[in-house]
Amino acid sequence: MSLSRIAYVNGRYVPHHAAGVHIEDRGYQFADGVYEVMAIDNRRLVDMTPHYDRLERSLRELRIELPMTRAALDVVLHEVVRRNRVRNGIVYLQVTRGVATRDHPFPKRAEPAVVVTARRGGRPNPQNREEGVAVVTVPDIRWARCDIKSVSLLPNVLAKQAAKEAGGFEAWQVDADDMITEGSSTNAWIVDADGNLVTRPLANTILSGVTRLVLKQLAEESDIRVVERPFSVEEAKNAREAFITSTTSFVTPVVRIDDRVIANGRPGSTTTRLIELYDQHLATPA
Ligand code: PDD
């Protein structure tokens, strides 16, 4: 059997190296599309319902038609995972408004274009989970609809690159009031002096992370209080603990913000407990 990677492109399963979309796909020209990244853990797709809910919401907000039913999409995602023989990794799904002559208004007739890829890896690095990571604060220069999971990620790309160049793992974006919005591809959390988890409330300023949602439920089920309120850079630097969540980083401790070491510079006990709770969640079939 061949080990070549397979992608799904508009109804066909094609070799990854030969997969392509039209040069006038509006995703390519206008970033006119949305995406989801889902984790594959032990061959299972993780937390699919909230991912489909968010995908449908993003599409609805942009008035892009749902290209296929949830059931049909589910078949495609599982088929791509199976064909690529991924046990632990990620699936990427992208839906754009489709192909049309370049013109800003919505085209009258365009079929949404669907691409699905899967790959191994894209999981948290064990060293980061054990030792924690550094984050670097950057101004949040994004648009006012960060709740839509749009493929328009240039500010996020620039933020992540700035973090990387400064020796950080993630960038924490900061609004005009010196409040942290979220990471470039993760949600941001701190643990306050009372042991409460603090994360920014859902609004147009952040993405509703699936990992954020799941972790909030897991924490509450374990009697760890979650307070949704904005927090400042100063508060974060003085926090008892800090961490990030996402499909690719799960729960990853933050031990440094810019030049400030958080607490004793080691992952805190609440974060460690949350890592365990999230791992248990992954090991529990839905
Ligand atoms: N990023 N905030 C932003 C801006 C994100 O792009 C992401 C996800 C998250 C976390 O969401 P979730 O828990 O659903 O993964 C928060 C994905 C992983 C990415 O772009 O690769």
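Numbers given to residues run from 1 along each chain, matching the order in which its sequence is written. For this predicted model, a pLDDT threshold of at least 70 governs which residues receive local features, and a threshold of 80 or more governs which side-chain atom pairs are given and counted, while totals over whole chains, interfaces and linings are taken from all residues. The side-chain figures draw on all heavy atoms in the structure; neither hydrogens nor water molecules are used.

Description of the overall build of the chain
Here's step 1: On a plain count of helices and strands, the chain comes out with eight helices and 15 strands.
Here's step 2: Based on C-alpha atoms, the radius of gyration is set beside the globule rule, defined as 2.2 Å times the residue count to the power 0.38. The C-alpha atoms of the chain give 19 Å as radius of gyration, which agrees with the globular expectation for 286 residues (19 Å, within 12%).
Here's step 3: Projected onto its principal axes, the C-alpha positions of the chain cover 55 × 45 × 35 Å.
Here's step 4: The buried share of the chain, reckoned over its 286 residues, is 51%.
Here's step 5: Look at the contacts in the chain between residues 6 or more apart in sequence, and 72% of them connect residues 24 or more apart.
Here's step 6: Accessibility throughout is a Shrake-Rupley quantity obtained with a 1.4 Å probe, and a residue counts as covered only by protein chains that appear here. In the form shown here, the chain has an accessible surface area of approximately 14,300 Å², with 51% of it arising from carbon and sulfur atoms.
Here's step 7: His is not counted, nor are the chain ends; Lys and Arg add positive charge and Asp and Glu add negative charge. Every charge is mapped to an atom, namely NZ of Lys, CZ of Arg, CG of Asp or CD of Glu. Here the chain contributes 38 positive and 37 negative side-chain charges, whose respective centroids are spaced 6 Å apart. Every helix listed is a DSSP run of H or I at least four residues long, and every strand listed is a run of E at least two residues long, numbered separately from the N terminus. Per-residue accessibility, obtained with a 1.4 Å probe over protein chains only, is compared with the maximum for each type, and a residue is labelled buried under 20%, exposed over 50%, and partly exposed between these values. Every residue pair with non-hydrogen atoms within 4.5 Å of one another is taken to be in contact.

Structural notes on the pairing of strand 9 (residues 180-183)
Here's step 1: For two strands to count as paired, DSSP must find a minimum of two bridges between them. Note: strand 8 (residues 170-174) against strand 9, two bridges, orientation antiparallel. Directly across from Val174, in strand 9, lies its bridge partner Ile180.
Here's step 2: Connecting strand 8 to the antiparallel partner strand 9 that follows it, the hairpin turn spans five residues, and Asp178 within it adopts a positive phi of roughly 70°.

Comments concerning the site of the ligand
Here's step 1: For this purpose, a residue is taken to be near a molecule or strand whenever a single non-hydrogen atom of the residue falls within 4 Å of it. In the vicinity of the ligand there are 18 residues, among which Tyr35, Glu182, Val210, Thr211 and Thr247 approach most closely.
Here's step 2: At a separation of 2.7 Å, a nitrogen atom of the ligand approaches a polar side-chain atom of Glu182.
Here's step 3: Within the backbone of Ser185, a nitrogen or oxygen atom sits 3.3 Å from a nitrogen atom of the ligand.
Here's step 4: In the complex, the protein chains occlude 90% of the 480 Å² of accessible area that the ligand would expose alone. Any N or O atom pair separated by 3.5 Å or less is treated as a polar contact, with the protein-specific requirement of one donor-capable and one acceptor-capable atom, and with residues adjacent in sequence counted only for side-chain atom pairs.

Here's the deal with the environment of Arg83
Here's step 1: In this structure, Arg83 sits in helix 3 (residues 70-83).
Here's step 2: Since its relative accessible area comes to 34%, Arg83 is described here as partly exposed.
Here's step 3: Taking C-alpha positions, Arg83 is 8.9 Å from Ala7, a pair spaced 76 residues apart along the chain.
Here's step 4: Excluding anything up to four places from it in sequence, Arg83 contacts Ile6 and Tyr13.

Topic: the domain arrangement of the chain
Here's step 1: Each domain span listed reflects an automatic or database assignment of domains. Segmenting the chain into domains produces domain 1 (6-120) and domain 2 (126-283).
Here's step 2: Just the C-alpha atoms count here: the centres of domain 1 and domain 2 sit 26 Å apart.
Here's step 3: The partner domain 2 presents 20 residues to the 22 residues of domain 1 that form the contact.
Here's step 4: In this description, buried area is defined as the sum, over both parts, of the accessible area (probe of 1.4 Å) that is lost when the two are combined. Buried surface at the junction of domain 1 and domain 2, both sides included, amounts to about 1,700 Å², of which 61% is carbon and sulfur.
Here's step 5: Of all residues in domain 1, the largest losses of buried area upon contact with domain 2 belong to Tyr35, Asp47 and Arg54, amounting jointly to 33% of the total for that side.
Here's step 6: Think of a salt bridge as a Lys or Arg side-chain nitrogen and an Asp or Glu carboxyl oxygen that are within 4 Å of each other. Counting across the domain 1 and domain 2 interface gives two salt bridges.
Here's step 7: Between Glu61 and Arg145 there is a salt bridge; the shortest N-O distance is 2.9 Å.
Here's step 8: On the surface where domain 1 and domain 2 come into contact, there are nine residue pairs in polar contact (both at pLDDT 80 or more).

Considerations on the packing of aromatic side chains
Here's step 1: Only Phe, Tyr and Trp rings are paired, with Trp represented by its six-membered ring, and only when their centres lie within 6.5 Å; those with planes under 30 degrees apart are stacked, over 60 edge-to-face, the remainder tilted. Summed over all chains, the structure comprises five aromatic pairs.
Here's step 2: Ring plane angle 70° and centroid distance 6.3 Å describe the contact between Trp172 and Phe231, whose orientation is recorded as edge-to-face. Here Phe231 lies in the loop between strand 12 (226-228) and helix 7 (233-237) and Trp172 lies in strand 8, a separation of 59 residues in the sequence. Like Trp172, the residue Phe231 is buried in the burial classification.
Here's step 3: Centre to centre, the rings of Phe250 and Tyr278 are 5.4 Å apart; their planes meet at 50°, and the pair counts as tilted. Of this pair, Phe250 sits in strand 14 (residues 250-257) while Tyr278 is found in helix 8 (residues 269-283), placing the two residues 28 residues apart along the sequence. Neither residue differs from the other here; Phe250 and Tyr278 are each classed as buried.
Here's step 4: In this scheme, the term charge over a ring applies when either NZ of a lysine or CZ of an arginine sits within 6 Å of the ring centre and within 35 degrees of the ring normal. Here the guanidinium or amino end of Arg83 rests over the ring plane of Tyr13, the centre of that ring lying 4.2 Å away.
Here's step 5: Positioned above the aromatic ring of Phe106 is the side chain of Arg97, whose terminal nitrogen or guanidinium carbon lies 3.5 Å from the ring centre.

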